[in-house]
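What follows is each chain in one-letter form.
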Amino acid sequence: MVKSKSKLICLSISILLTALIVLSFAVTLIGSNEIADSAVIGNADTITTDLLMDKATRGTTVNSTVFNGNALNALYEKLAGTGADFNAVATKARAQKTSTFSTSSVKSMHGGMDSSEIRSANGGNNIVVKLDGKEWIVVALTTKDASSTSDVILTLMLKDFAYASKWGDWSTLPGVKDFSAAYPPSMYSTSYIRAGLLNNGAQYTTNGSNLMNFTATSIYPSGQYPFSIYTDNTEQGNITNFLVKPNEVLYQQYENLYDIAHAVSNNWYNAPNDSSKFDIPDSKWYSKVVDTSYGTHQIQSKTGYYDWGNDLIWLPSLSETGQNSRSGVNASGGLWNLDASQRGISAGYCSWLRSGSTAL
């Protein structure tokens, strides 16, 4: 399988909602069978006022405001009911899901509200917010960890695609199950797509043995990188101080496709790049349990494998997004419990996930 084919990129992020705010963003990768027209989500409830104050002036002085209070209040009410404030939202975010989450069995986030619970609290509608004019879907409300005072995190996914990109520049030969390379083609941390998403904030491999810098700015709309406020702390109006890294979030540290798939009776094993910090046990890898000719589990020991966990914007995983039903596959909302409209992008397109192939 060659990974050079271009697909569209849809992002997600996580914002930290402390007494201030923290965001967590991710990029969504969806297969062609998941196509829907999320550019016109039928059940969207959009907060029309931008969450961010004007880019030219926000953060320019110690006391300058970054977030729009009216938009925040509207968000709080949609998450926690009429008259809700940050404390009401924090209470919901810190509610633990002990029956479906442990570090050895990750069938849900460790706590908070997934998309289904958010819809239930908001009249059956998905919440959409704006950041500097870009529309983002609220997909999860949770915390960094399981403590009663943990920082509150709002995870957002870009409503529609950002730009087109290929995953990487190289692959093993068709049918070859080889993870002996220093940087396997299924490793997200050294992929072309990640290097582009971070605007050369990471290197990528073209052959599995060497790394190079990203220079192909022509892939961006009008040649201009569209996510500087999320990745560049020197950019005027940046919000990098309000973003959370995936390796700081408890459920993402341990998430794996095996657990979330088996929860809906799909007999799948783990995919590369799902967990942000800790190795997944051998018992959850196809290459250890079913067919030892695969070497997929070896990818966890590769240099830089977990580097992506330090990113402020990232592609989501299949474990997080879930998938629609199809022949032989049961539907799953994933850890975020998304509905089909959230997983879709503009009609006729499909997008990437960070979850890697088990055979490349």
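Before reading on, note that the structure itself is shown above.
Thresholds, definitions, all that
- Residues numbered from 1 in each chain as written.
- Predicted model: local features only at pLDDT ≥ 70, side-chain atom pairs only at ≥ 80, totals over all residues.
- Heavy atoms only, no water.
- Helix = DSSP H or I, 4+ residues; strand = E, 2+ residues; numbered from the N terminus.
- Buried < 20%, exposed > 50% of the residue type's maximum accessible area, 1.4 Å probe, protein only.
- Pairing = 2+ DSSP bridges.
- Axes fitted to C-alpha atoms, helices over the stretch in contact; angles between N-to-C directions.
- Parallel < 35°, antiparallel > 145°, perpendicular 65-115°, else oblique.
- Left-handed = near helix turned anticlockwise from the far one by under 90°.
- Contact = heavy atoms within 4.5 Å.
- Nonpolar A, V, L, I, M, F, W, Y, C, P; charged D, E, K, R; others polar.
- Polar contact = N/O pair within 3.5 Å; in protein donor to acceptor, adjacent residues only side chain to side chain.
- Phe/Tyr/Trp six-rings, centres within 6.5 Å; stacked < 30°, edge-to-face > 60°.
- Lys NZ or Arg CZ within 6 Å of the ring centre and 35° of its normal.
- Core = buried A, V, L, I, M, F, W, Y, C linked by side-chain atoms within 4.5 Å.
- Salt bridge = Lys/Arg side-chain N within 4 Å of Asp/Glu carboxyl O.

Draft legend 1. How the structure looks around unusual backbone geometry. A positive phi angle is found at Asp 132, which is not glycine, with a value near 50°. Secondary-structure assignment places Asp 132 in the loop between β7 (126-131) and β8 (134-143). For Ser 265, which is not glycine, the phi torsion reads 65° and is therefore positive. With respect to the secondary-structure elements, Ser 265 resides in the loop between α7 (257-262) and α8 (286-289). With relative accessibility at 62%, the residue Ser 265 sits in the exposed group.

Draft legend 2. Up close: the pairing of β7. Of all six residues in β7, five are buried, a share of seventy percent or more. When strand β3 (residues 44-46) meets β7, the two strands line up parallel, connected through three bridges. Across the sheet, residue Ala 44 finds its bridge partner in β7, namely Asn 126. Two strands pair when backbone bridges link them, and β7 and β8 are joined in this way by four bridges, in the antiparallel orientation. Bridging from a neighbouring strand, Val 129 pairs with Trp 136 of β8.

Draft legend 3. Up close: the pairing of β8. The buried fraction of β8 amounts to eight of the 10 residues, a majority that puts the element mostly inside the structure. The pairing of strand β6 (residues 113-114) with β8 spans two bridges and is antiparallel. The residue bridging Met 113 from the neighbouring strand is Leu 141, located in β8. Here β7 folds back onto β8, and the loop between the two strands holds two residues, one of which, Asp 132, carries a positive phi near 50°. Here β8 pairs with strand β9 (residues 152-158) via seven bridges, running antiparallel.

Draft legend 4. Main features of the packing of helix α1 (residues 69-80) against helix α2 (residues 86-93). Contact geometry for α1 and α2: axes closest at 9 Å, N-to-C directions at 40°. In terms of orientation, α1 and α2 fall into the oblique class. Judged by the sense of rotation from one axis to the other, the crossing of α1 with α2 is left-handed. Contact with α1, carried on its side by Tyr 76, Leu 79 and Ala 80, involves Phe 86, Ala 88, Val 89 and Lys 92 of α2 and no other residues of that element. When grouped by side-chain class, the residues that make up the contact of α1 with α2 number six nonpolar, no polar and one charged.

Draft legend 5. The side chain of Asp 339, seen in detail. With respect to the helices and strands, the residue Asp 339 is situated in the loop between α9 (318-321) and α10 (340-343). Overall, Asp 339 belongs to the buried group, its relative accessible area being 16%. One polar contact links Asp 339 to Asn 43, side chain to side chain, over a distance of 3.0 Å. Looking at Asp 339, its side chain comes within polar contact range of the side chain of Asn 126, at 3.0 Å.

Draft legend 6. Examining the environment of Ala 162 more closely. Mapping Ala 162 onto the fold places it in the loop between β9 and β10 (163-165). Given the relative accessible area of 15%, Ala 162 is considered buried. Separated by 64 residues in the primary sequence, Ala 162 and Pro 226 have C-alpha atoms spaced 8.0 Å apart.

Draft legend 7. A look at the packing of aromatic side chains. The full count for this structure, using the stated rule, is 19 aromatic pairs. Ring geometry for Tyr 225 against Phe 227: centres 6.1 Å apart, planes inclined by 80°, an arrangement best described as edge-to-face. Judged on exposure class, the residue Tyr 225 and its partner Phe 227 are both buried. Grouping aromatic residues by their ring pairs yields a cluster made of Trp 136, Tyr 163, Tyr 192, Tyr 204, Phe 214, Tyr 220, Tyr 225, Phe 227 and Tyr 230. Of note, Lys 166 hangs over the ring of Tyr 192, and the distance from its end group to the ring centre comes to 4.7 Å.

Draft legend 8. Representation of the nonpolar core within the structure. Counting 74 residues, the largest nonpolar core has Val 129, Leu 131, Leu 156, Phe 227, Tyr 230 and Trp 336 as the members making the most contacts within it. Those residues within four positions of Val 129 in sequence are excluded, and the remaining contacts are Ile 47, Leu 51, Leu 75, Lys 134, Glu 135, Trp 136, Val 138 and Leu 156.

Draft legend 9. Expanded view of the pattern of salt bridges. Applying the stated criterion across every chain yields a total of 14 salt bridges. Put simply, Lys 144 and Glu 248 hold a salt bridge, and the shortest N to O gap is 4.0 Å. One end of the pair, Lys 144, is in the loop between β8 and β9; the other, Glu 248, is in the loop between α5 (228-231) and α6 (250-254), with 104 residues separating them in the sequence. A salt bridge links Asp 282 to Lys 288; the shortest N-O distance between them is 3.9 Å. You can call Lys 288 partly exposed: its relative accessible area is 39%. One salt-bridge network, in which partners are shared between bridges, spans Lys 144, Asp 151 and Glu 248.

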